[in-house]
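This is what each chain is made of:
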Amino acid sequence: MTLTQIRTEIRNITGVEDTSVVADSVLTDLINKGQTILADEANLFAGYATRNSVSGTGEYQLVNGNGSSVTAWTIVENAASAGSSNLANMIRIYRIDFGGDQMTRIGMDQIHNISSNVGDVQMPSAHGYYINDISLGIFPIPQVVKEIKVYYYHLPTTLSGDSDVPMIDTRYHECLVYYGSWKTAERLRDMNMISYFKNEWLEWKEKVVMDRQRRAGEPKFSINYKDF
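Here's what I pulled together on the structure shown here.

Calculation notes
- Residues numbered from 1 in each chain as written.
- Predicted model: local features only at pLDDT ≥ 70, side-chain atom pairs only at ≥ 80, totals over all residues.
- Heavy atoms only, no water.
- Pairing = 2+ DSSP bridges.
- Helix = DSSP H or I, 4+ residues; strand = E, 2+ residues; numbered from the N terminus.
- Axes fitted to C-alpha atoms, helices over the stretch in contact; angles between N-to-C directions.
- Parallel < 35°, antiparallel > 145°, perpendicular 65-115°, else oblique.
- Left-handed = near helix turned anticlockwise from the far one by under 90°.
- Contact = heavy atoms within 4.5 Å.
- Nonpolar A, V, L, I, M, F, W, Y, C, P; charged D, E, K, R; others polar.
- Phe/Tyr/Trp six-rings, centres within 6.5 Å; stacked < 30°, edge-to-face > 60°.
- Lys NZ or Arg CZ within 6 Å of the ring centre and 35° of its normal.
- Core = buried A, V, L, I, M, F, W, Y, C linked by side-chain atoms within 4.5 Å.
- Buried < 20%, exposed > 50% of the residue type's maximum accessible area, 1.4 Å probe, protein only.

1. Some points on the sheet that holds strand β3 (residues 73–77)
Inference 1: Judged by pairing direction, the sheet is antiparallel, and its six strands sit side by side in the order β4-β3-β1-β12-β5-β6 without closing on themselves. Each edge of the open sheet is held by one strand with a lone partner, namely β4 (80–85) and β6 (101–102).
Inference 2: Here strand β1 (residues 46–52) runs beside β3; their pairing, made up of three bridges, is antiparallel. When the bridges of β3 are listed, Ala49 appears paired with Ile75.

Structure follows, in structure tokens:
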């Protein structure tokens, strides 16, 4: 369904046809929110970003923040590549490679002195990585120039135009209809329908999560870190 069709379906099942009661812009925001929740909970959209290391540099900023902007990354999301960028759409990291080899996730508390590479860290890989606020740290500090590749799950493209189509599988567009209907009913304090729409949303969301797990060949997701 297109964005217009999803909004129309929400209006049909909630009975809220008047745009002065609930504007199209409000429904669009709700639909986008629903898709973002699905992307987050089901790890729907995978992308990656690359940049080269700098000899003698241990930390690399991932996103803008702390008074500093970053444009060193080349990102690939939704089959589209963009250079001179940052990982602004990242939800969570699931793997990082250095020079083509997968690194081990470590904690900063395992390293005695990050700046001097002093640490008692037992790792199955030559290098480990950690997250320090909005930066990626590599330990031991690289002394060579190699490619850093960050694999992550990212946010979906925001829907704005009437003919825009959600990134999620078309089989599950109904899920967005029920999320929008639930939140619309809450706004209008329609106590008779809030629970119904919420339950429909939760059932559809579970289908999306389970479908993603089956496609990944995993009985469940085990995610220990959620940094972003």
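2. Describing the packing of helix α1 (residues 3–14) against helix α3 (residues 173–187)
Inference 1: Closest axis-to-axis distance for the α1/α3 pair is 9 Å, and the angle between their directions is 50°. For the element pair α1 / α3, the angle class is oblique. In terms of crossing hand, the pair formed by α1 and α3 is right-handed. Along its contact with α1, which presents Ile6, Glu9, Ile10, Ile13 and Thr14, the element α3 presents Glu174, Leu176, Val177, Tyr178, Gly180, Ser181 and Thr184.
Inference 2: Here the contact of α1 with α3 is composed, by residue class, of six nonpolar, four polar and two charged.

3. Re the packing of aromatic side chains
Inference 1: By the definition in use, this model includes nine aromatic pairs.
Inference 2: Its end group placed over the ring of Trp73, Arg51 keeps NZ or CZ at 5.9 Å from the ring centre.
Inference 3: Above the face of the Tyr48 ring, Lys149 is positioned so that its terminal group lies 4.3 Å from the ring centre.

4. Here's the deal with the nonpolar core
Inference 1: In terms of nonpolar packing, the biggest core is built from 30 residues, with Ile31, Leu38 and Trp201 touching the most fellow members.
Inference 2: Residue assignment for this core shows that the elements contributing at least two residues are α1, α2 (24–42), α3 and α4 (191–216).
Inference 3: Contact partners of Trp201, with chain neighbours within four places excluded, come to Gly34, Ile37, Leu38, Cys175, Tyr178, Tyr179 and Trp182.

The values are spatial; any link to function lies outside them.
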